[in-house]
Amino acid sequence: MEAIVRISNLDKYFDRLHVLKDISVDIQPREVVCLIGRSGSGKSTLLRCINFLEEPSHGSIEVDGIRVAGGEKGKVHRQLVHDVRLKTGMVFQEFNLFPHMTVLENVIEGPVIVKGMDRKEAIAIAEENLDSVGMLFKKDEYPMRLSGGQKQRVAIARALTMQPRVMLFDEPTSALDPELIGEVLNVMKKVAKDGMTMLVVTHEMGFAREVADRVIVMSDGQLIEDSKPEELFTDPKDPRTKALIDRYRTGE
Amino acid sequence: MNLFNKETGENKSQAELLYQVQQKKKFIFRRNVILSWAGLLLFLIFLFSGIELRSANRVTSISAWHFEIVTENDIKVRKRVERVLASLPVGLPNDGISLKTIAVDNEFIRNNSNFVAQGIVQTIKISALSIMLAIVLALLAALGRLSTNPVIYAVSTFYVSLIRGTPLYLQIFFFFLALPQLNIVLTGLWAGVLALGLNYGAYMSETFRAGLSSVGKGQREAASALGMTPGQTMRRIVLPQALRFAIPPMGNDFISMTKDSALVSATGFVHEIMWRATKVGRAEFRNMEALVMAAIFYWIMTLLLTSIQSRVETRLAKGDR
């Protein structure tokens with residue numbers, strides 16, 4: 001099967017700091033991949049390189065047949081980056097809903113402004129997605145009046161309404177109160193079940209174990225393990241993976 | 001105090017009671033402030049009433065001084081005239097006390113208030129044109145301040161530094177009196193608008209810059225992730241939020257600009273409130289009356305603008321954040 005995301009020989013430097021070291025990963029369509037690792041291991045940076053919120057220093061990203069080389073400039077590059085961003089939806093740790101727009105306006109903003117979609121059509125898709133994340137009843141509220149979990153569910157609906165091929169989640173539950181994590185994870189499970197390709201940076205080992213098809217472990221800007229969750233959690237090959245999993249287990 | 005919640009019939013919580021006490025305190029404070037304001041205003045009116053209290057020669061009297069035009073030897077002269085309102089033959093024990101308030105020439109005010117009031121239109125016109133120019137300049141300067149291009153950054157900071165480093169009065173004269181040497185002749189109005197616009201643009205750029213940097217990085221990232229171009233991100237996401245932040249201080253600037261528009265009268269060719277007041281005041285040596293009149297007009301204008309501003313502010317506060 002043709003990979004939908006192909007990361008090849010990716011390097012990322014922040015000044016002299018080498019945060020991603022020659023990373024190559026393929027992700028198949030409909031696959032749910034969790035990225036785990038200690039903070040500072042480069043997992044968020046890797047995710048943000050896929051839609052070029054961080055510009056990779058070397059190497060290339062390919063999303064759904066569009067290949068973009070890192071470290072370039074100019075009009076062609078910008079157009080390619082734009083095309084890649086249309087194919088990817090992103091959910092942030094801090095939700096980043098637009099506070100001056102209602103929930104519905106937040107969700108239709110992308111399709112109407114970026115894709116030039118007809119407003120009515122956008123509203124139809126938006127309402128469908130809001131319904132599936134259970135937030136349709138708040139569609140005319142401003143984000144200020146929502147709880148963290150509700151905000152994150154709206155953010156997921158906003159990303160889905162752009163009809164992306166791949167969804168990127170950057171620690172989607174890390175900013176939430178413990179009792180609100182469940183509702184967001186449930187929505188993410190639903191999205192996975194609907195066949196979306198997902199790449200999730202997370203600390204939720206339970207979620208990784210239950211939902212992921214593959215779990216990738218990062219440490220010091222390198223991939224140290226990439227396997228099925230049942231193997232990884234029962235029989236980790238790398239001692240660093242084992243330490244990471246043990247740490248979460250004792251934390252639970 | 002009512003210890004039960006009327007709707008639910010339950011005991012009120014401690015927090016609710018505390019809140020009530022605080023609200024009541026606030027209400028009493030506000031009421032007393034308003035009453036004091038009224039008192040101060042009455043005192044000011046009394047100060048300009050022309051009333052005189054006197055106690056001398058065992059007679060205590062209250063009289064009102066005013067101006068009248070009387071004909072003396074076929075020449076009309078303006079004269080201070082006393083009208084005794086009341087006098088009591090039983091004077092206060094210590095003789096020779098007198099309490100005088102300022103007598104204003106009501107006749108003069110009646111005759112000239114229309115003339116001065118006609119300046120309001122001009123004052124509003126100058127302020128409105130200047131504020132529009134200032135907003136455009138301030139926005140450009142603020143964007144320049146946030147630019148990563150060194151030349152654009154320099155142009156913006158240079159402009160702000162130059163304008164803030166020189167007096168507004170000088171700038172008005174520069175546009176009105178200095179530019180004609182270069183064969184650029186501006187009318188008093190346009191010289192004033194240009195100077196005020198440039199001046200307030202420089203000051204307001206700070207407000208705009210603060211507004212723009214109040215919008216978090218996450219907002220830009222979310223917009224980028226949706227595929228918005230930098231232009232779309234600015235127009236749809238950053239500017240609306242920045243403006244919301246900047247509108248209250250912009251209101252303050254607009255109010256002070258309305259008053260600074262008085263400086264434009266110095267050109268002698270813009271017939272706004274200040275110009276009219278000084279003209280009639282000098283002509284009849286009634287500067288106090290003329291300036292008091294102008295002050296009242298400016299004050300009423302700023303009071304109106306302030307109330308509009310606070311209304312806009314409460315409406316903006318409702319939406320978000």
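Computed from a prediction, not measured in an experiment: that's the story for all the values here.

(A) Main features of the overall build of chain B. Assigned secondary structure in chain B consists of 10 helices and 4 strands. Written out in order from the N terminus, the α and β elements of chain B read α-β-β-β-β-α-α-α-α-α-α-α-α-α. Its C-alpha radius of gyration of 29 Å places chain B more than 25% over the 20 Å reference for a compact globule of 321 residues. Structurally, chain B occupies a C-alpha span of about 90 × 80 × 30 Å along its principal axes. Within chain B, the fraction of its 321 residues that count as buried is 33%. In chain B, once contacts between residues fewer than 6 apart in sequence are set aside, the share between residues at least 24 apart is 68%. Total accessible area on chain B is roughly 19600 Å²; 65% of this is exposed by carbon and sulfur atoms. Between the averaged position of the 34 positive side-chain charges in chain B and that of its 20 negative side-chain charges there is a distance of 7 Å.

(B) Region of interest: the sheet that holds strand β4 (residues 97-100) of chain B. Residue and element names in this part refer to chain B. Spatially, 4 strands are ordered β3-β2-β1-β4 in an open sheet, and the strand pairing comes out antiparallel. Of all strands in the sheet, those bounded by a partner on one side alone are β3 (75-88) and β4. Each neighbouring strand pair of the sheet contributes to a mean axis angle of 25 degrees, computed without reference to strand direction. Pairing analysis gives 6 bridges linking strand β1 (residues 51-56) to strand β2 (residues 59-72), with the strands arranged antiparallel. By the bridge assignment, Leu53 is partnered in β2 with Ile62.

(C) Fine view of the interface of chain B and chain A. With 20 residues of chain B at the interface, the matching set in chain A holds 23 residues. In this assembly, chain B packs against chain A so that about 1900 Å² is buried in total across both faces, 62% of it on carbon and sulfur atoms. Remark: the boundary between chain B and chain A carries 2 salt bridges. Here Glu221(B) ties to Arg48(A) by a salt bridge, and the two come within 2.6 Å at their closest N and O atoms. At the junction of chain B and chain A, the tally comes to 8 residue pairs in polar contact (both at pLDDT 80 or more). Among the secondary structure elements, those contributing two or more residues to the side of chain B that touches chain A are α7 (217-225), α8 (230-260) and α10 (287-319) of chain B. Here the side of chain B that touches chain A takes 7 residues from α7(B), the largest share from any one element.

(D) Up close: the pattern of salt bridges. Inspection of the entire model under this criterion finds 26 salt bridges over all chains. Between Lys43(A) and Glu171(A) there is a salt bridge whose closest N-O contact spans 3.9 Å. You can see Lys43(A) sitting in helix α1 (residues 43-50) and its partner Glu171(A) sitting in the loop between β7 (166-170) and α6 (178-193), a full 128 residues away along the chain. Judged by its relative accessible area of 12%, Glu171(A) falls in the buried class. Its salt-bridge partner being Lys189(A), residue Glu210(A) comes within 3.4 Å of it at the nearest N-O pair. Placement of Glu210(A) in helix α7 (residues 205-211) and of Lys189(A) in helix α6 is noted, with a sequence separation of 21 residues between them. With a relative accessible area of 56%, Glu210(A) lands in the exposed category. You can call Lys189(A) partly exposed: its relative accessible area is 26%. Connected through salt bridges with shared partners, the residues Arg48(A), Glu54(A), Lys217(B) and Glu221(B) form a single ionic network.

Basis of the calculations
Residues numbered from 1 in each chain as written. Chains lettered and ligands numbered in written order. Predicted model: local features only at pLDDT ≥ 70, side-chain atom pairs only at ≥ 80, totals over all residues. Heavy atoms only, no water. Helix = DSSP H or I, 4+ residues; strand = E, 2+ residues; numbered from the N terminus. Rg over C-alpha atoms; globule rule 2.2 N^0.38 Å. Buried < 20%, exposed > 50% of the residue type's maximum accessible area, 1.4 Å probe, protein only. Contact = heavy atoms within 4.5 Å. Areas by Shrake-Rupley, 256 points an atom, 1.4 Å probe, with all protein chains shown as cover. Lys, Arg positive; Asp, Glu negative; His and termini not counted. Charge placed at Lys NZ, Arg CZ, Asp CG, Glu CD. Pairing = 2+ DSSP bridges. Axes fitted to C-alpha atoms, helices over the stretch in contact; angles between N-to-C directions. Buried area = accessible area lost by both parts, 1.4 Å probe. Salt bridge = Lys/Arg side-chain N within 4 Å of Asp/Glu carboxyl O. Polar contact = N/O pair within 3.5 Å; in protein donor to acceptor, adjacent residues only side chain to side chain.

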